[in-house]
Amino acid sequence: MTKIVAVGDNDVDCYHARNEMFPGGNCFNVAVFARRFGATSSYVGAVGPDAAGDAMQRALAAEEVITDRLKVLPGSTAYCVIGHRNGDRVFLKYDLGVSMFEPDDQDFTYVESFDAVHIGQSSGLDAYLVRFARTAKLSYDFSTRRDAHHRASIAPLCYLASISGGDLALSEAEALLRDTLDAGAQWCLVTRGNQGAILGRGDQIFRVPAVSIEAVDTLGAGDTFIARTLVGLLREEEPLELLRAAAHEAAETCMRIGAVGHAAPMAVNAGDIPALEDVR
């Protein structure tokens, strides 16, 4: 059985106009999706002792994600207020709450029992990546951060380096992928939104188009793609086959509100929300 642990960020995604919140965050989502794709999955992170934290814990339990190292810390659970423009998610306001935490020795020992550990750049754990990479294969999500120095320092640690490139032309995305592989990543995934994705290793590049749909909510699509790709690589699936499966799963995510579902009544006082045309 493939075993994946995600360490890092979480938040409740607050859909203000709907008066609902949904559990989310890159590492939280990858843990949930990895379990849905058949892996044994665990999440290591921190939530507060509040309604939002309770919602996170209920969702993890319902998804059968292991929470042996989930921390409940004094303070508030992280939140992000979500708006939409033409189906694409827009971040309006956020508060990191207690989601930024320092891993302890027990966390590192725990990760040793897994095949891979996933961490995102938004988790604030870059200082610990060397140690995590010694315990399990490292999957790292650079998200939209693309500065060369940052990638050069982390790519050599990566089994899978993932980058968001929805705004890039194919030639630009491929150049970014090759640079990341040349820097030392074993595999590199560049997701390109409605233009599909590319995956590379060595001199090989595999390309897949996006599945054509009318998106309801794109939140979590990239996390879906990362989780399915990571599971597929660990299972030694053929690259094009796993990419096609990932594209299909990402499209499914775009057909629902909230990255992983599990809607709960809004229980976050986010204060004043910036105005955005056609937020729903």
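Described below are features of the structure shown in this document.

Observations regarding the packing of helix α7 (residues 221-234) against helix α8 (residues 239-253)
Reasoning step 1: Direction vectors running N to C along α7 and α8 enclose 150°, while the axes themselves pass 8 Å from each other. What the angle tells us is that α7 and α8 run roughly antiparallel. Between α7 and α8 lies a crossing whose hand is right-handed. For the pair formed by α7 and α8, the contact residues are Ala221, Thr224, Phe225, Arg228, Thr229, Gly232 and Leu233 on the first element and Leu242, Leu243, Ala245, Ala246, Ala247, Glu249, Ala250 and Thr253 on the second.
Reasoning step 2: Its residues assigned to classes, the contact of α7 with α8 shows nine nonpolar, four polar and two charged.

Brief notes about the environment of Pro209
Reasoning step 1: Looking at the element boundaries, Pro209 is found in the loop between β14 (204-208) and α7.
Reasoning step 2: Along the backbone, Pro209 and Gly193 are 16 residues apart, and their C-alpha atoms lie at a distance of 9.5 Å.
Reasoning step 3: For Pro209, the residues in contact, after removing those within four places along its chain, are Gln195, Gly196 and Ala247.

Description of the pairing of strand β1 (residues 3-7)
Reasoning step 1: Here β1 lies mainly inside the structure; four of its five residues are buried.
Reasoning step 2: Where β1 and strand β4 (residues 40-44) come together, five bridges link them in parallel fashion. Bridging across to β4, Ile4 finds its partner in Ser41.
Reasoning step 3: Across three bridges, β1 lies against strand β9 (residues 116-120) in parallel orientation. Residue pairing in the sheet places Ile4 in a bridge with Ala116 of β9.

Points about α7
Reasoning step 1: Spanning 14 residues, α7 covers 20 Å between terminal C-alpha atoms, matching the ideal 20 Å at 1.5 Å per step.
Reasoning step 2: Among the 14 residues in α7, 13 count as buried, and that is most of the element.
Reasoning step 3: Two residues or fewer after α7 comes Glu236, characterised by a positive phi angle close to 60°.

The rules behind each value
- Residues numbered from 1 in each chain as written.
- Predicted model: local features only at pLDDT ≥ 70, side-chain atom pairs only at ≥ 80, totals over all residues.
- Heavy atoms only, no water.
- Axes fitted to C-alpha atoms, helices over the stretch in contact; angles between N-to-C directions.
- Helix = DSSP H or I, 4+ residues; strand = E, 2+ residues; numbered from the N terminus.
- Parallel < 35°, antiparallel > 145°, perpendicular 65-115°, else oblique.
- Left-handed = near helix turned anticlockwise from the far one by under 90°.
- Contact = heavy atoms within 4.5 Å.
- Nonpolar A, V, L, I, M, F, W, Y, C, P; charged D, E, K, R; others polar.
- Buried < 20%, exposed > 50% of the residue type's maximum accessible area, 1.4 Å probe, protein only.
- Pairing = 2+ DSSP bridges.
- Expected span 1.5 Å × (residues − 1).

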